[in-house]
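# Structural features, examined
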Amino acid sequence: MAVFTLLTCSLIILPASQPCQTPDDFVAVTSPGHVMIGGLFPIHEKMMFSEDHPRRPQIQKCIGFEISVFLQTLAMIHSIEMVNNSTLLSGIKLGYEIYDTCTEVTAAMAATLRLLSTLSSSRDSLEFQCDYSTYIPRVKAVIGAGYSEITMAVSRTLNLQLMPQVSYESTAEILSDKIRFPSFLRTVPSDFHQTKAMAQLIQKSGWNWIGVITTDDDYGRLALDTFAVQAAANKVCIAFKEVLPAFLSDKTIEVRINQTLEKIIAEAQVKVIVVFLRKFHVFNLFNKAIERNINKMWIASDNWSTATKIITIPNVKKIGKVVGFAFRRGNMSSFHSFLQTLHMYPNDNNKILHEYAMLSSACEQVKDSDLSQCISNHSHEMLTYKIHQAVARNLLMRNDFLWHYAEPGLIHSVQLAVFALAYAIRDLCQARDCQNPNAFQPWELLGVLKNVTFSDGRNSFHFDAHGDLNTGYDVVLWKEANGQMTVTKMAEYDLQDDVFVLTSEETEKEFRKLKQILSKCSKECSPGQMKKTTKSQHTCCYDCVSCPENHFSNQTDMDHCLLCSNETHWAPERSTRCLEKEIEFLNWGDALAVLLVAFSLLGIAFVLAIGIIFTRNLNTPVVKSSGGLLLCYVILLCHFLNFISTGFFIGEPHDFTCKTRQMLFGVSFTLCVSCILMKSLKILLAFSFDPKLQNSLKCLYRPIPIIITCTGVQVLICTLWLTFAAPVVGENVSLPRVIILECHEGSALAFGTMLGYIAILAFICFVFAFKGRKLPENYNEAKFITFGMLIYFIAWVTFIPVYTTTFGKYLPAVEIIVILISNYGILCCTFFPKCYVILCKQETNTKSAFLQLVYSYSSHSADILTVSHTSLNPTNSSILMTRAGPGGKGAAWRRSKDFQAQARAHLGKEIAAKMSKTLLQKRSSSI
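Quick caveat: nothing in here was measured; it's all calculated off a predicted structure. (Residues numbered from 1 in each chain as written. Predicted model: local features only at pLDDT ≥ 70, side-chain atom pairs only at ≥ 80, totals over all residues. Heavy atoms only, no water.)

## Re the UniProt feature "transmembrane region" (unreviewed entry) in the chain
- Residues given the UniProt feature "transmembrane region" (unreviewed entry) here are residues 591–615, 627–651, 663–685, 706–729, 749–770, 782–804 and 810–832.
- Within the segment residues 591–615, helix and strand shares are 100% and 0% respectively, and the terminal C-alpha atoms sit 36 Å apart.
- Secondary structure over residues 706–729 splits into 79% helix and 8% strand, and the C-alpha atoms at its two ends are 35 Å apart. (UniProt positions renumbered as here; feature names shortened; annotations may be inferred. Helix = DSSP H or I, 4+ residues; strand = E, 2+ residues; numbered from the N terminus.)

Here is the structure:
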């Protein structure tokens with residue numbers, strides 16, 4: 001206040017930021033103390049060069065006064081004053097030297113050289129030494145710089161003396177490398193966490209097609225590389241990457257901003273843009289975007305997410321929505337009080353406060369909303385105004401304006417940097433007299449600082465192994481309230497668990513609203529579809545195709561469809577889930593099953609009807625000629641069992657039914673064919689063999705043992721089958737939509753052997769019956785047996801290829817149909833002709849008619865035999881031929897002719913009589 005009272009009402013011409021004339025002119029703010037701390041802040045936007053490239057090695061004037069950084073400088077001063085006024089460092093006062101880097105590496109390096117200069121020297125000089133262990137520089141530690149590009153250059157220089165450097169804003173991931181930056185620490189998280197949080201936010205919001213704008217410096221390039229890795233991990237594609245010049249002094253920046261906006265307009269599908277820029281870049285970018293009516297979703301980095309300078313841009317709401325990441329804020333009440341009394345703070349050694357006072361007075365008539373821009377513009381030129389006590393009054397009136405421009409996260413980071421150094425100095429000075437500037441060297445303070453635990457009055461903090469302070473982030477949203485854009489906290493990002501912590505239901509709604517913004521290269525694939533990549537190099541650009549059969553997808557944008565378990569489940573095309581396969585078998589309600597059962601019942605009815613007819617006509621020749629009632633009953637019983645066996649092929653299979661159906665059919669059909677075989681053999685013996693063989697064949701003809709033997713072989717085959725490879729119930733899962741419950745035959749060899757054995761018996765029966773096919777018209781049983789066996793062969797030969805190529809629940813129906821065909825064929829050919837004679841030709845079903853028929857057939861057979869014997873006996877004719885001389889050829893031939901006729905007549909009568917008698921006796925006894 002004393003300084004302001006000394007000011008007189010005089011006209012003064014003073015540049016806003018004077019060029020450096022002496023080293024002391026270069027210092028922005030200074031205050032003496034026992035332990036000095038350096039500060040590096042980009043208080044001005046850039047250095048003003050008169051030419052495109054500097055031609056002389058001199059530090060130029062800085063222009064573009066930054067209110068937000070000015071407040072960060074005040075935060076460092078205030079925090080040091082708080083420590084000095086507390087009991088934390090009893091008897092030890094912290095001093096400071098703060099320099100303006102002008103957002104330029106050159107100015108920052110000049111300030112760094114001054115900070116490293118010898119403390120005891122009358123002149124500022126940096127001595128070269130091989131060992132700086134005992135070197136005493138002007139300051140013990142440095143707070144800053146702000147931007148990562150500048151911080152890296154400063155840190156490499158400070159590494160020479162291992163001077164602690166605590167940054168409040170530099171977030172480049174590379175600074176965590178303690179090999180390259182051993183003396184660097186920071187009170188903010190690394191960009192690794194910020195980019196990871198950004199990628200997760202984008203992924204959770206359903207965006208996968210975004211743009212990135214960054215600066216052409218170490219910070220921008222490293223942030224872009226880190227974000228690209230995190231984005232790829234979250235399946236987010238970067239449509240374009242635009243890089244702007246890092247410094248405002250670069251005259252191509254306007255051109256590059258215009259090109260960037262053209263790219264944004266061209267990429268219409270990109271609705272979300274991630275921005276890693278400095279405040280002045282964003283300010284210029286948004287102003288031009290508003291002019292072009294560009295409306296997007298902007299993801300703000302911690303550099304500018306809470307910058308009032310940008311939030312207060314006129315019509316800034318036209319650019320769209322802004323969601324950003326900001327450093328965690330702390331208790332700001334003390335700093336707010338400090339700003340309220342700023343007009344009372346001495347500014348004799350505080351050039352930036354003095355400059356702010358002048359700039360504020362020059363813009364006295366400007367509204368608060370335009371004050372920041374006015375101050376920045378006036379700092380570009382020489383100010384001419386009257387300085388008087390009104391300047392102090394103006395500072396008092398503008399305190400609320402300063403508070404409005406304060407960025408809580410950055411203010412808190414600066415405070416933590418001061419507190420970390422203060423606590424480390426306290427621990428180091430417990431056994432030293434730190435009022436002496438030579439009490440310790442900077443590298444000793446660095447060792448303590450890395451392990452110190454410090455507090456901001458509420459929470460405790462410590463640096464991790466990389467020198468980072470992982471405090472987490474506040475996720476902020478720009479919202480319009482009362483016609484002005486405000487920054488509201490939407491959530492917190494926990495670095496430890498990598499999760500977003502929502503603070504209220506309202507913020508949860510805001511998060512859900514983000515999903516309404518569509519920023520995709522391709523339309524979202526719905527459940528039931530999968531992504532098919534196109535010719536684009538980006539995986540986010542794809543076509544949606546339906547999932548094929550037996551595949552499904554139950555989420556949106558799935559890379560591939562999931563396969564259903566083919567054994568138990570299936571899925572139709574474009575399915576969202578797997579469906580359980582239905583279990584199918586040939587059930588009783590199936591139309592085909594009903595039809596087959598009807599035929600089986602009809603066959604059983606025929607069997608019963610035939611049995612009744614034969615029983616009622618027991619003593620007739622037709623029944624007796626069929627082998628008697630016992631043999632007929634056995635054959636009819638076999639047919640009955642065959643028809644019954646078809647029922648075991650229908651319904652849900654069980655182990656019992658699987659075993660029973662084949663065994664019942666195999667044994668009963670074998671018994672049936674064996675009986676018919678004996679009938680065929682009997683007929684052949686009765687009508688076809690030479691009477692001379694009758695006695696010997698009678699010895700071989702044993703019906704019951706043969707039938708038992710033939711059937712016993714089949715019983716043995718079935719027994720071995722049941723013992724070693726019995727049929728069991730199995731599930732056929734080869735069909736896509738159903739599970740077929742079916743009987744597995746156990747052994748294809750056993751199944752084939754059973755059927756093959758029946759086929760051999762049937763073939764023998766067919767051969768015998770075929771030889772005896774020319775029988776009396778009403779006794780033509782052999783002919784019908786031949787037809788029956790032929791039908792059997794046709795049915796079962798057809799069965800083999802059909803059975804091997806058929807699958808599904810109708811496979812048992814194939815065997816049923818073959819069983820019915822063969823059964824009906826033998827039944828009809830064996831018994832229907834006899835039933836026809838019994839029912840429709842009763843006059844031929846008498847003993848006399850039957851004997852007459854047999855006699856006629858026997859006589860006819862005898863005539864045939866006579867002719868055969870005569871033709872086979874050439875003796876008489878040959879004798880007669882030899883006795884005829886050459887002179888009596890005609891007479892001899894006539895005599896021979898007559899003699900042969902007489903001989904044939906006599907011989908024929910004799911043979912016919914014998915044959916007729918013999919055949920009649922044989923057939924009568926056989927029948």
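More follows now that the structure is in view.
## Notes on the nonpolar core
- Among the nonpolar cores identified, the biggest contains 71 residues, and L71, M76 and F454 are the most heavily contacted of them.
- For F454, the residues in contact, after removing those within four places along its chain, are L416, F419, A420, Y423, N459, S460, F461, H462, F463 and L469.
- Judged by nonpolar contacts, the second largest core, of 68 residues, contains L761, F799, Y824 and L827. (Core = buried A, V, L, I, M, F, W, Y, C linked by side-chain atoms within 4.5 Å. Buried < 20%, exposed > 50% of the residue type's maximum accessible area, 1.4 Å probe, protein only. Contact = heavy atoms within 4.5 Å.)

## Focus: the state of the cysteines
- This structure, assessed with the given rule, holds nine disulfides.
- Through a disulfide, C429 is tied to C434; the S-S separation comes to 1.7 Å. Linking C429 and C434, the disulfide has an S-S dihedral of approximately -95 degrees and is accordingly described as left-handed.
- Given a relative accessible area of 9%, C429 falls into the buried group.
- The buried category is assigned to C434, whose relative accessible area is 2%.
- No disulfide involves C672; its nearest neighbouring cysteine sulfur is the one of C638, lying 5.3 Å away.
- No disulfide involves C840; its sulfur sits 9.8 Å from that of C835, the nearest cysteine. (Disulfide = S-S within 2.5 Å.)

## Some remarks on the packing of aromatic side chains
- Per the stated rule, a full pass over the model turns up 31 aromatic pairs.
- For the ring pair Y493 and F500, a centre distance of 5.1 Å and an interplane angle of 55 degrees mean the geometry is tilted.
- Between the aromatic rings of F799 and Y803, the centroid separation amounts to 4.7 Å while the plane-to-plane angle is 35 degrees, which identifies the pairing as tilted. Separated by four residues within a single helix, F799 and Y803 lie in helix α26 (residues 781–805), roughly one turn from each other. Both residues of the pair, F799 and Y803, belong to the buried class.
- Taken together, F665, F669, W721, F751, F763, F766, Y792, F793, W796, F799 and Y803 form an aromatic cluster joined through their ring pairs.
- Cation over ring: R278 sits above Y147, and NZ or CZ is 4.2 Å from the ring centre. (Phe/Tyr/Trp six-rings, centres within 6.5 Å; stacked < 30°, edge-to-face > 60°. Lys NZ or Arg CZ within 6 Å of the ring centre and 35° of its normal.)

## What to know about the sheet that holds strand β10 (residues 209–215)
- Ordered by their spatial adjacency, eight strands build an open sheet running β11-β10-β12-β13-β14-β18-β19-β20, and the pairing between neighbours is mixed. Across the chains shown, the open sheet's two edge strands, defined by having one partner strand only, are β11 (237–244) and β20 (499–502). Along the sheet, successive strands turn relative to each other by an average axial angle of 25 degrees, direction set aside.
- Where β10 lies against strand β12 (residues 272–276), five bridges are found, and the strand directions are parallel. Each bridged residue has a counterpart across the sheet, and for T214 the counterpart in β12 is F276. (Pairing = 2+ DSSP bridges. Axes fitted to C-alpha atoms, helices over the stretch in contact; angles between N-to-C directions.)

## Some remarks on the environment of L602
- The residue L602 is located in helix α19 (residues 591–616) in this model.
- Through-space distance from the C-alpha of L602 to that of F643 is 9.2 Å; in sequence the pair is 41 residues apart.

## So, a nonpolar patch on the surface
- Residues L595, F599 and L602 make up a contiguous nonpolar surface patch of roughly 250 Å² in combined accessible area.
- Taking relative accessible area as the criterion, L602 reaches 38% and is therefore assigned partly exposed. (Patch = residues over 30% accessible without salt bridge, like charges linked within 9 Å, V, L, I, M, F, W, Y side chains within 5 Å. Areas by Shrake-Rupley, 256 points an atom, 1.4 Å probe, with all protein chains shown as cover. Salt bridge = Lys/Arg side-chain N within 4 Å of Asp/Glu carboxyl O.)

## What about helix α18 (residues 505–514)?
- When we look at burial in α18, the residues that qualify are T507, E510, F511 and L514. The buried residues of α18 occupy an angular sector of 100 degrees when the element is viewed end-on, so they sit on one face. Looking at α18, the residues exposed on the side facing more than 90 degrees away from the buried face are E505 and E506.
- Looking at the buried residues of α18, the elements they touch are α6 (191–204), β13 (296–300), β14 (320–327), β18 (473–481), β19 (484–494) and β20. (Arc of directions from axis to C-beta.)

## Let's talk about helix α9 (residues 279–291)
- Relative to the 18 Å expected for 13 residues at 1.5 Å per residue, α9 spans 19 Å between its end C-alpha atoms, a close match to the ideal helical length.
- Within the span of α9, buried status applies to K279, F280, H281, V282, F283, N284, L285, F286, A289 and I290.
- Trailing α9 by a residue or two, N293 shows a phi angle of about 55 degrees, which is positive. (Expected span 1.5 Å × (residues − 1).)

## Re the packing of helix α3 (residues 67–84) against helix α16 (residues 408–428)
- Axis separation between α3 and α16 bottoms out at 9 Å; the angle between their running directions is 35 degrees. Between α3 and α16 the crossing geometry is right-handed. Between α3, through L71, Q72, A75, M76, S79, I80, M82 and V83, and α16, the contact on the second element is made entirely by L410, I411, V414, Q415, V418, F419 and A422.
- Split into classes, the residues belonging to the contact of α3 with α16 amount to twelve nonpolar, three polar and no charged. (Left-handed = near helix turned anticlockwise from the far one by under 90°. Nonpolar A, V, L, I, M, F, W, Y, C, P; charged D, E, K, R; others polar.)

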